[in-house]
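Tertiary structure, described
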Amino acid sequence: MPAKRASTAADDPPVTDAPPIVATQRVHVLLPLPLGGTYVYRAEQEVTAGAFVLVPLGRRQVVGVVWDGPCGDSGDAAIAESRLRDVAAVLDAPAMPVAMRRFVEWVAAYTVQAPGAVLRMAMSVPAALTPALPVRAYGRSRKAANVRLTPARQRVLDLLADGPPRTASDIAREAGVSAGVVKGLATAGILHEVALPARRSLPPPDPDSAGPDLSADQAAAAAALVAACQTDAGYSVTLLDGVTGSGKTEVYFEAVAEALRRGRQVLVLLPEIALTAQWFARFEARFGGAAVAWHSDLGQAGRRHAWRAVAMGEARVVAGARSALFLPLAELGLIVVDEEHDAAFKQGDGVAYHARDMAVVRGHIEGIPVILASATPSLESLTNVQRGRYGHLVLPDRHGGAAVPAVEVIDLRRTPPPRGRWIAPPMEAALTATLAQGEQVLLFLNRRGYAPLTLCRGCGHRLACPHCSAWLVEHRLAGILQCHHCGHTADRPTVCPACGAEDNFAACGPGVERLAEEAARLAPTARIAVMASDTLSGPAAAESLIAQVAAHEVDLLIGTQLVAKGHHFPLLTLVGVVDADLGLAGGDLRAAERSWQLLHQVAGRAGRAERPGRVFLQTYMPEHPVMAALAAGDRDRFLAAEAAIRREQGWPPFSRLAALIISGRDLQQVTAVAATLARRAPDGLTVMGPAPAPLALLRGRHRHRLLVRASRSTDLSAVLARWTGAVRLPAAVRLQIDMDPYSFV
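If you're wondering where the values come from, they're calculated on a predicted model, not measured in any experiment.

Quick notes on the overall build of the protein
Scanning the protein for helices and strands turns up 19 helices and 32 strands. Relative to the globule expectation of 27 Å for 745 residues, the C-alpha radius of gyration of the protein, 29 Å, shows essentially globular dimensions. In terms of its C-alpha atoms, the protein occupies a principal-axis envelope of roughly 85 × 80 × 65 Å. Taken over 745 residues, the protein has a buried fraction of 51%. Taking all contacts inside the protein whose residues are at least 6 apart in sequence as the whole, residues at least 24 apart take part in 75%.

Quick look at the packing of aromatic side chains
Inspection of every chain in the model, using the stated rule, returns 12 aromatic pairs. Ring centres 5.1 Å apart and planes at 20 degrees place the aromatic pair Trp106 and Tyr110 in the stacked group. Highlighted residues: Trp106 and Tyr110, both in helix H1 (residues 98-111), separated by 4 residues, approximately one helical turn. Overall, the relative accessible area of 36% leaves Trp106 in the partly exposed class. Here a set of aromatic residues connected by ring pairs shows up, and it is made of Tyr252, Phe253, Trp279, Phe280, Phe283 and Phe287. Between Arg476 and the ring centre of Tyr450, over which it is positioned, the NZ or CZ distance is 3.8 Å. In this structure, Arg590 is placed above the aromatic ring of Tyr742, and the distance from its NZ or CZ to the ring centre is 3.8 Å.

Observations concerning the sheet that holds strand E10 (residues 265-269)
Across the sheet, which stays open at both edges, the 7 strands sit in the order E11-E12-E10-E13-E16-E9-E17 with parallel pairing between neighbours. Where the open sheet ends on each side, the last strands, each with one partner, are strand E11 (292-294) and strand E17 (391-395). Strand-to-strand twist in this sheet, taken as the mean axis angle between neighbours without regard to direction, amounts to 20 degrees. Where strand E9 (residues 236-242) lies against strand E16 (residues 369-374), 6 bridges are found, and the strand directions are parallel.

What to know about the nonpolar core
General note: in soluble globular proteins, nonpolar side chains tend to be found buried as a group. In terms of nonpolar packing, the biggest core is built from 112 residues, with Phe52, Leu269, Trp307, Leu325, Phe326, Val626 and Leu720 touching the most fellow members. Sorting elements by how many residues they give to this core places H1 first, with 6 residues. The residues touching Leu269, leaving out its near neighbours within four places in the chain, are Gly320, Ala321, Ala324, Leu325, Val336, Val337, Asp338, Phe345, Ala355 and Ala359. Membership of the second largest hydrophobic core comes to 31 residues, among which are Tyr252, Val256, Val266 and Ala319.

Remarks on the sheet that holds strand E23 (residues 489-490)
Each strand in a sheet pairs with another by means of backbone hydrogen bonds, the pair being arranged parallel or else antiparallel. What the 3 strands build is an open sheet, ordered E21-E22-E23; its pairing is antiparallel. If you trace the sheet from one side to the other, it starts and ends with strand E21 (473-475) and E23, each paired once. Sheet analysis places E21 next to strand E22 (residues 480-482), joined by 3 bridges and oriented antiparallel. If you follow Glu474 over to E22, its bridge partner there is Leu481.

Section: the layout of surface pockets
Considering only enclosed or pocket space, the second largest pocket measures out at about 800 Å³ in volume. Around the second largest pocket, the lining is made up of 38 residues, and of these Thr249, Arg282, Gly566, His568 and Arg608 lie nearest the centre. Put simply, the parts of the chain that give the lining of the second largest pocket at least two residues each are helix H7 (248-261) and helix H8 (277-287). Of the residues that constitute the lining of the second largest pocket, the class distribution is 11 nonpolar, 15 polar and 12 charged.

Some points on the pairing of strand E29 (residues 656-664)
Both faces of the sheet carry side chains from a regular strand, because those side chains alternate between them. Among the 9 residues in E29, 8 count as buried, and that is most of the element. Two elements, E29 and strand E31 (residues 701-710), share 9 bridges in a ladder whose sense is antiparallel. Across the sheet, residue Ile661 finds its bridge partner in E31, namely Arg705. Alignment of E29 against strand E32 (residues 734-739), held across 6 bridges, turns out to be antiparallel. Bridging from a neighbouring strand, Ala659 pairs with Asp738 of E32.

Side note on the side chain of Arg304
With respect to the element layout, Arg304 can be found in helix H9 (residues 300-311). The side chain of Arg304 sits in the buried core without any salt bridge; Asp92 is the nearest counter-charge, 9.4 Å away. Within polar-contact distance, the side chain of Arg304 engages the backbone oxygen of Thr130 at 2.4 Å. Once you skip the residues sitting within four places of it in the chain, Arg304 turns out to touch Val125, Ala127, Ala128, Thr130, Pro131 and Ala132.

Section: unusual backbone geometry
Geometrically, the link from Pro652 to Pro653 is a cis peptide bond, its omega value of 10 degrees lying close to zero. Its location among the elements puts Pro653 in the loop between helix H17 (635-649) and E29. The omega angle of the peptide bond from Gly689 to Pro690 is 10 degrees, so this bond is cis rather than trans. In this fold, Pro690 is placed in strand E30 (residues 686-698). Positive phi is not limited to glycine here, since Val112 has a value of about 60 degrees. Relative accessible area serves as the criterion here: at 19%, Val112 is assigned to the buried category. The backbone phi angle of Asp740 is positive, close to 55 degrees, even though this residue is not glycine. In this fold, Asp740 is placed in the segment after E32.

Brief notes about empty space enclosed by the protein
Gaps left between atoms are located by rolling a probe of water-molecule size over the structure's atoms. This model, assessed by the stated rule, comprises 3 cavities of 30 Å³ or more. A volume near 60 Å³ is recorded for the largest cavity. Lining the largest cavity, in full, are His341, Ala343, Arg356, Ser378, Glu380, Arg590, Glu593, Arg594, Gln597 and Tyr742. Looking at which element gives the most residues to the lining of the largest cavity, the answer is helix H15 (residues 591-603), with 3 residues. Along the lines of polarity and charge, the residues of the lining of the largest cavity split into 2 nonpolar, 3 polar and 5 charged.

Topic: the packing of H7 against H8
Axes are the key here: two packed helices are described by the angle between their axes and the distance separating the axes. Look at H7 against H8: their axes get within 11 Å of each other, and the N-to-C directions meet at 55 degrees. As the angle between them shows, H7 and H8 are arranged oblique. Crossing angle aside, the handedness with which H7 passes H8 is right-handed. Across the interface between the two elements, Thr249, Glu250, Tyr252, Phe253, Glu254, Val256, Ala257 and Leu260 from H7 touch Trp279, Arg282, Phe283, Arg286 and Phe287 from H8. When grouped by side-chain class, the residues that make up the contact of H7 with H8 number 8 nonpolar, 1 polar and 4 charged.

Thoughts on helix H4 (residues 168-175)
Taken as a whole, H4 has its buried residues at Asp170, Ile171, Ala172 and Ala175. Against the buried residues of H4 lie strand E7 (135-140), helix H3 (151-160) and helix H5 (179-187). Within two residues after H4, Gly176 carries a phi angle of roughly 70 degrees, on the positive side.

Parameters at a glance
- Residues numbered from 1 in each chain as written.
- Predicted model: local features only at pLDDT ≥ 70, side-chain atom pairs only at ≥ 80, totals over all residues.
- Heavy atoms only, no water.
- Helix = DSSP H or I, 4+ residues; strand = E, 2+ residues; numbered from the N terminus.
- Rg over C-alpha atoms; globule rule 2.2 N^0.38 Å.
- Buried < 20%, exposed > 50% of the residue type's maximum accessible area, 1.4 Å probe, protein only.
- Contact = heavy atoms within 4.5 Å.
- Phe/Tyr/Trp six-rings, centres within 6.5 Å; stacked < 30°, edge-to-face > 60°.
- Lys NZ or Arg CZ within 6 Å of the ring centre and 35° of its normal.
- Pairing = 2+ DSSP bridges.
- Axes fitted to C-alpha atoms, helices over the stretch in contact; angles between N-to-C directions.
- Core = buried A, V, L, I, M, F, W, Y, C linked by side-chain atoms within 4.5 Å.
- 1 Å grid on protein atoms, 1.4 Å probe; cavity = no way out; pocket = protein on both sides within 12 Å on 5 of 7 lines; lining within 4 Å.
- Points joined across faces, edges and corners; volume = space filled by probe spheres on them.
- Nonpolar A, V, L, I, M, F, W, Y, C, P; charged D, E, K, R; others polar.
- Lys, Arg positive; Asp, Glu negative; His and termini not counted.
- Salt bridge = Lys/Arg side-chain N within 4 Å of Asp/Glu carboxyl O.
- Polar contact = N/O pair within 3.5 Å; in protein donor to acceptor, adjacent residues only side chain to side chain.
- Parallel < 35°, antiparallel > 145°, perpendicular 65-115°, else oblique.
- Left-handed = near helix turned anticlockwise from the far one by under 90°.

This is the structure we're talking about:
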């Protein structure tokens with residue numbers, strides 16, 4: 001850890017010309033900036049570790065946290081008192097808990113990042129560090145006033161006669177009057193002003209509200225999870241492993257209830273928070289109160305309220321995306337990671353971390369139980385079960401007697417679709433029959449837009465992103481071409497920039513929009529909807545579409561991986577996977593595992609109620625282990641074979657892996673830095689590269705990559721910190737370290 005620094009008058013001009021305050025305490029402050037350690041300040045009052053403080057830094061003031069431990073030890077004796085600057089203010093916010101401070105340090109060390117960069121994720125809502133101003137509301141005054149009462153004014157008084165005070169906008173809306181009517185009554189003294197809290201508290205969840213009847217397997221698993229939440233049970237990790245539709249959520253809800261009974265907070269991590277309306281509805285139905293949501297689509301006011309409610313202990317259950325892991329839950333008693341296998345839990349930008357793995361770390365630091373739930377557990381979690389590090393609870397059957405759907409493989413080499421179409425005859429026949437029976441169909445294609453590639457028929461020129469090594473994807477509904485890596489958009493040209501041919505471009509391959517076009521021709525009377533990240537404007541749109549499907553206002557749903565996220569549609573009996581081979585291409589070491597997980601999850605949407613389900617997989621590789629495992633329903637054999645391959649080849653989870661990405665605007669400079677890093681690699685590591693990354697140009701920056709592999713006994717984070725710390729990088733070159741990489745682009 002770098003040496004401690006003082007924020008000095010010599011280095012940093014003072015913020016004001018105020019006279020110095022006689023200091024009584026030296027404090028170390030960690031700032032939410034990519035800095036190596038803490039800064040030393042003086043305070044005229046006693047400030048405890050974890051307090052949020054406003055301190056001067058250069059010509060500005062920033063908020064930091066008073067730190068202790070490895071990032072803030074007492075190595076400041078040599079700094080003269082006269083060089084220290086004063087803490088400007090101690091903020092009115094709950095102190096960051098000690099376990100949270102240790103967690104920030106652990107994540108920083110493991111990901112080889114500055115502690116301040118990790119702290120920034122825990123301080124993502126600066127406005128929440130000060131209390132919200134009260135809201136101005138109005139109630140009916142008891143004083144008489146000689147004012148003529150119009151019908152509009154009388155409606156206001158009737159509304160407030162027995163009800164609580166309301167804001168002016170609420171009064172105007174509920175009474176059907178203008179804002180001027182409310183203002184006039186307040187001016188006349190008929191209404192009096194009241195200060196209300198900035199946000200009304202949500203009804204707390206009731207752990208003792210009656211839950212659904214559980215099957216014998218569910219009850220046994222729930223009892224084991226409840227026991228793990230007992231007082232002084234301590235840290236544990238349990239993999240809740242159940243087939244799709246087995247009722248895993250209701251099982252871990254019993255553990256949530258136990259944690260709530262014991263006065264503890266609960267954190268539930270969900271991979272796609274925008275598509276979990278059903279989860280929140282099930283939670284409220286079970287507990288009679290709401291969980292607090294945390295995700296990037298919340299408005300600033302919502303994030304401010306949620307963060308402060310968490311810190312104050314008012315939010316008892318928080319359900320959120322991976323960033324919720326860095327919320328300051330002071331009374332945390334249980335962490336649940338739902339769909340623990342999902343790649344969405346991996347953050348690749350900035351501080352690269354995997355929320356599932358860091359949830360386990362936080363559980364260990366807090367000394368609390370962690371539940372990992374999935375129908376398709378990751379090989380990492382199953383390996384930890386085999387090593388005895390995790391407990392294992394299995395739900396082998398669907399709840400309520402529903403059968404697991406039959407999976408049929410369509411060999412596209414023998415029964416291809418007609419030229420220019422993408423749905424093979426067997427799937428077309430099943431689709432038509434299913435719709436005729438009044439049931440629903442899901443067509444799955446994990447490719448957004450209309451077509452993944454647009455090229456000139458004359459010269460073969462492909463329309464590419466000017467900033468990335470990627471083709472532009474046509475989005476016909478929006479009328480644009482778009483890069484899915486940097487977001488660059490362009491209109492579809494009428495003239496080929498290479499040969500000058502006019503109107504000679506062809507769309508190559510299908511996306512969900514093109515598939516919807518074909519489905520509309522096959523089933524012209526069917527009500528069709530497309531579910532993809534670029535067709536849904538936000539959580540409200542996703543919730544609305546899910547409700548329409550559940551209410552059978554949609555006959556045929558076409559979607560990307562978003563449709564695989566735990567949805568329950570009772571009338572959906574047919575799932576058709578149009579291109580089951582799509583995820584098997586490329587150099588991803590987890591390609592087979594992730595394809596099996598995704599296809600199994602998609603297949604699990606079929607036949608979840610009384611009516612049996614069917615699944616069709618269109619593939620050119622029916623003999624591939626993934627297809628064979630899905631058709632035979634032989635999960636264990638597939639995972640055992642996948643583990644054997646990884647073990648033999650020395651890949652995770654049987655080794656440690658890191659990616660070093662060097663990027664910059666100047667290709668020659670990037671190449672030189674990458675070569676220097678490779679030459680200085682320590683002994684004991686397997687270094688692959690440097691070589692241009694598969695996406696060699698991203699957002700206008702050239703990229704080279706090294707993959708570094710080490711034994712499981714190696715402290716790879718410490719080795720990387722020493723290695724990269726000894727290489728001086730040019731200012732224009734960035735080095736990103738990705739521990740446990742999941743993306744290999």
